[in-house]
Amino acid sequence: MTDSKYFTTTKKGEIFELKAELNSDKKEKKKEAVKKVIASMTVGKDVSALFPDVVNCMQTDNLELKKLVYLYLMNYAKSQPDMAIMAVNTFVKDCEDPNPLIRALAVRTMGCIRVDKITEYLCEPLRKCLKDEDPYVRKTAAVCVAKLHDINAQLVEDQGFLDTLKDLISDSNPMVVANAVAALSEIAESHPSSNLLDLNPQSINKLLTALNECTEWGQIFILDCLANYTPKDDREAQSICERVTPRLSHANSAVVLSAVKVLMKFMEMLSKDLDYYGTLLKKLAPPLVTLLSAEPELQYVALRNINLIVQKRPEILKHEMKVFFVKYNDPIYVKLEKLDIMIRLASQANIAQVLAELKEYATEVDVDFVRKAVRAIGRCAIKVEQSAERCVSTLLDLIQTKVNYVVQEAIVVIKDIFRKYPNKYESVIATLCENLDSLDEPEARAAMIWIVGEYAERIDNADELLESFLEGFHDESTQVQLQLLTAIVKLFLKKPTETQELVQQVLSLATQDSDNPDLRDRGYIYWRLLSTDPVAAKEVVLAEKPLISEETDLIEPTLLDELICYIGTLASVYHKPPSAFVEGGRGVVHKSLPPRTASNESTESPETAPAGAPSGEQPDVIPSQGDLLGDLLNLDLGPPVSGPPLATSSVQMGAVDLLGGGLDSLIGAPNFVTPPAATAPANLGAPMGSGLSDLFDLTSGVGALSGSYVAPKAIWLPAMKAKGLEILGTFTRQVGSISMDLQLTNKALQVMTDFAIQFNRNSFGLAPAAPLQVHAPLSPNQTVELSLPLSTVGSVMKMEPLNNLQVAVKNNIDVFYFSTLYPLHILFVEDGKMDRQVFLATWKDIPNENEAQFQIRDCPLNAEAVSSRLQSSNIFTVAKRTVEGQDMLYQSLKLTNGIWVLAELRIQPGNPSFTVSCP
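The rules we used
Residues numbered from 1 in each chain as written. Predicted model: local features only at pLDDT ≥ 70, side-chain atom pairs only at ≥ 80, totals over all residues. Heavy atoms only, no water. Helix = DSSP H or I, 4+ residues; strand = E, 2+ residues; numbered from the N terminus. Buried < 20%, exposed > 50% of the residue type's maximum accessible area, 1.4 Å probe, protein only. Areas by Shrake-Rupley, 256 points an atom, 1.4 Å probe, with all protein chains shown as cover. Contact = heavy atoms within 4.5 Å. Pairing = 2+ DSSP bridges. Phe/Tyr/Trp six-rings, centres within 6.5 Å; stacked < 30°, edge-to-face > 60°. Disulfide = S-S within 2.5 Å. Axes fitted to C-alpha atoms, helices over the stretch in contact; angles between N-to-C directions. Parallel < 35°, antiparallel > 145°, perpendicular 65-115°, else oblique. Nonpolar A, V, L, I, M, F, W, Y, C, P; charged D, E, K, R; others polar. Left-handed = near helix turned anticlockwise from the far one by under 90°. Core = buried A, V, L, I, M, F, W, Y, C linked by side-chain atoms within 4.5 Å. Salt bridge = Lys/Arg side-chain N within 4 Å of Asp/Glu carboxyl O.

Participant: Describe the overall build of the protein, naming the residues involved and giving the relevant values.
Facilitator: Looking only at helices and strands, the protein has 38 helices and 15 strands in total. A burial count over the protein gives 50% of its 919 residues as buried. Element-wise, carbon and sulfur atoms account for 51% of the exposed surface of the protein, whose accessible area totals about 42500 Å².

Participant: Account for the environment of Pro 909, with residues named and values stated.
Facilitator: Here Pro 909 is to be found in the loop between β14 (900-907) and β15 (914-918). Look at Pro 909 and you get exposed, because its relative accessible area is 54%. Taking the C-alpha atoms as reference, Pro 909 lies 9.3 Å from Pro 860; in sequence the two are 49 residues apart. When neighbours within four sequence positions are excluded, Pro 909 is seen to be in contact with Gly 885 and Asp 887.

Participant: Outline the sheet that holds strand β7 (residues 767-768), supporting the account with residue identities and numerical values.
Facilitator: Strand pairs in the sheet, formed through backbone hydrogen bonds, run parallel or antiparallel to each other. Read across the open sheet, the five strands follow the order β3-β4-β5-β8-β7; overall the sheet is antiparallel. Since the sheet does not close on itself, it has two edges, and those belong to β3 (714-717) and β7, each with one partner. Note that strand β4 (residues 725-734) and strand β5 (residues 737-746) share ten bridges and pair antiparallel. For Arg 733, the partnering residue across the bridge sits in β5 and is Ile 738.

Participant: Account for the packing of aromatic side chains, with residues named and values stated.
Facilitator: This model, assessed by the stated rule, comprises twelve aromatic pairs. Taken together, a centroid distance of 6.1 Å and an interplanar angle of 85° make the contact between Tyr 421 and Tyr 425 edge-to-face. The buried category is assigned to Tyr 425, whose relative accessible area is 7%. Ring centres of Phe 839 and Tyr 890 lie 6.3 Å apart, and the angle between their planes is 75°; on these two criteria the pair is classed as edge-to-face.

Participant: Outline the state of the cysteines, supporting the account with residue identities and numerical values.
Facilitator: Counting across every chain of the model gives zero disulfides. Take Cys 112: it sits in no disulfide, and the sulfur closest to it among the cysteines is that of Cys 144, at 7.6 Å. The exposure class of Cys 144 is buried, given its relative accessible area of 2%.

Participant: Please set out the packing of helix α19 (residues 332-345) against helix α21 (residues 367-383) residue by residue, giving values where relevant.
Facilitator: How two helices sit against one another is set out by the angle between their axes and by the gap between those axes. At a minimum axis distance of 9 Å, the contact between α19 and α21 shows a crossing angle of 10°. Accordingly, the angle class assigned to the pair α19 and α21 is roughly parallel. Here Ile 332, Lys 335, Leu 336, Leu 339, Asp 340, Ile 343, Arg 344 and Leu 345 of α19 lie close against α21, whose contacting residues are Phe 369, Lys 372, Ala 373, Ala 376, Arg 379, Cys 380 and Lys 383. Class assignment for the residues of the contact of α19 with α21 results in nine nonpolar, no polar and six charged.

Participant: So what's going on with the packing of helix α15 (residues 234-244) against helix α16 (residues 253-266)? Which residues, and what values?
Facilitator: Between α15 and α16, the shortest axis-to-axis distance is 10 Å and the interhelical angle comes to 160°. When the axes of α15 and α16 are compared, the pair comes out roughly antiparallel. α15 and α16 meet at a crossing whose hand is left-handed. Residue-level contacts link Ala 237, Ile 240, Cys 241 and Val 244 of α15 to Ala 259, Val 262, Leu 263 and Phe 266 of α16. Among the residues forming the contact of α15 with α16, the class breakdown is eight nonpolar, no polar and no charged.

Participant: Give a detailed account of the nonpolar core, specifying residues and quantitative values.
Facilitator: One finds Tyr 72, Val 244 and Phe 418 to be the most contacted residues of the largest nonpolar core, which totals 212 residues. By size, the runner-up hydrophobic cluster in this structure holds 52 residues, among which are Leu 742, Leu 744, Phe 854 and Ile 875.

Participant: Please provide a residue-by-residue account of the environment of Asn 435, values included.
Facilitator: The residue Asn 435 is located in the loop between α24 (429-434) and α25 (442-454) in this model. Excluding anything up to four places from it in sequence, Asn 435 contacts Ile 399, Lys 402 and Val 407.

Participant: Can you tell me about the pattern of salt bridges, naming the residues and giving the values?
Facilitator: The full count for this structure, using the stated rule, is 30 salt bridges. Taking the shortest distance from any N to any O, the salt bridge between Glu 441 and Arg 371 comes out at 2.4 Å. Separated by 70 residues along the polypeptide, Glu 441 in the loop between α24 and α25 and Arg 371 in helix α21 bring together distant segments of the chain. Residue Glu 441 is classed as partly exposed on the basis of its relative accessible area of 21%. Here Lys 424 and Glu 385 are joined by a salt bridge, their closest N and O atoms 4.0 Å apart.

Participant: Could you give an account of the side chain of Thr 486, with specific residues and numbers?
Facilitator: Mapped onto the fold, Thr 486 is located in helix α27 (residues 478-494). Setting aside its immediate chain neighbours within four residues, Thr 486 contacts Arg 522 and Tyr 526.

No statement about biological role is implied by the geometric values presented.
Here you go:
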């Protein structure tokens, strides 16, 4: 009879009967009773009352009964810690049993009982088991060390178990080695800085020897450990790759992916000129293809990993396109992933079969899949220029099917094709216009409206078409309304005489009848542009569009390199680093690929980017001079004009405008106390640093030559947002000159050159006074520090907040934008001390209601020290007096644009809080 009989009983008074049976003299009856207890525990009944009776059953030679009792102990020891101590003697005794299975069972159970009182008794038995003659006991004890470390890390370190664990890496038994590596890796994850796995060529050799002989899970632990090692040179990397390659033919998919991870990482160090490099590429393809013959869930995991591998090294699978063709019985999640990889592998050599396959998919019954297939055809057109015509022809054939959702997706992707290849395929517009009435999805309607507006001069009845959309303007989605507004304005700029009434109608609908702030704002901008300066409107609205890139969905290079180090883990399925989804401090160590060799610069496939192709041949996706954003930041990025400023300086731009918000907007009231994090834009790493607290050196900083406060460098542009370029910076004023001190770090895998910088218009006309001088190419992992002199003769525009500075930095990779807040004291000039009489007269002329007060807290300085500190930042004490025990300092400063600021500082001796009054 099977053990299912133990789960069928529902008798009352069962606990009492079990208690009697557990204390029976007959061994068989006792064993049956324990089985019943375990069955009750399994289905959720509380049998903790039987704890002492079950513990008494431990004194037995029967291995099966002992296992059952240990199972009960593991479950209830936490709720009955005092009773659990009763079992300690038996544990200790079992650890010296002649049977190695019992010794291992005892030490395993002691490790699983997470009770602090028991852990101190565990140390001696564990020490003996770690040096046991039987390898089964040693490998069990190795895992027990990791469990004990999780309960009491300090105890493990004090008892020297970590050193014993390191010694086990040299054990003669491969399973002991694998478990020791697993335990050390587990401990190292919770203590990233401990450097427990101090790998060297000798220990790596031992791991590789054990790799061939241990079980599949042991192999995974060893391979994951190897992936964390960085070889000292390409010869060692090749040697490790040669010894790991046989794992690619393993039946377990986890072992295969772990081996792929090691090889992908070490290939970075191999020269592409080596014969072995080409051999390795060929060896990597078959195991990845084999993974796609597994069940759908495994296929999906394999496909997500292959997606990363193809982005990093497309040449591995460039000849294996057919295995990614979709099967009729594939689940939708597998189909979509295969589709994505097909597009990544598409090249001029295989585009014909890819397009034939995609066209077939577009006639499937699964609507979501059909939509993705149609989009994929568009992506192929954008990626492989030689195939664009064939793709457009395929899309037109699909439009002729008149299947509603197919037509709509086709129109959306044709819009992108028009953007990629202007003035090439516009002949198809007539066919698109025929299907106008069938469009009911917002994205398709918006795409069609964009096409009509963009090519209005080629469409005779463009005004009628747009007017038909306008009839139900308020029922449209926001996306369609915004597109319709822009399209009609474009139409008006191209055909002003015929469409004046239409543009007035849409502007009225957008500004007067709409509740949507985005739509209203855009309507007002267009209205004012058209009414004040039609030429400027034409330049803005009809600006030349930047080319779209075919690989907009590629993972950012630094993130991709990190994800390659996590192949075969959850991170490779999510396509996110562990830090994005693992809570707490465990498992969030940032990994990166080893530095590549000089001859291994390109990771592109021969079809997508020939190794010798200069970077200039890549599609230009930088906004052109005509683009609105390009105009805004003047992205020609040439050297700044060094000639004398024009007569219309920043003072003439209107001092009143700059001080429109009163002195609080100039000095920034929130900065007198610690500013809340929400006051700075999200992408700013720097503290605002413009308050007087900073001038008193209340925050950490360094002194410049003139003694002026300098904030420590902060991250202005993180590497993750700038394709590997990290920028730290701060501002200084030294002897009348303003500088931006920068630290540029290249965290990408390619050399960076051709640096240039430009500022947007800002409140005080700050602009570079010289080009950005990076004298040598910036190699990977290299950092350069430089100082950029600034002038205040640039264009002026009031910013919010007043000291906001928008910056564009260009290099050979792309243009990157960020904004930062500069401290206002860099604008305080050296001749800012006002004459006493002038100060008094000016102070009296300002109405009392204009006065604003601020608090400076935690400043343990007296009046003389405060005056001296402020003078070093060009805030001058004009007069000082004492009133009712308070020191009153009257101060003046002058900004670079000629504006004077007056202030009164009240200091109560012994009180660390000051009051500042600005009239």
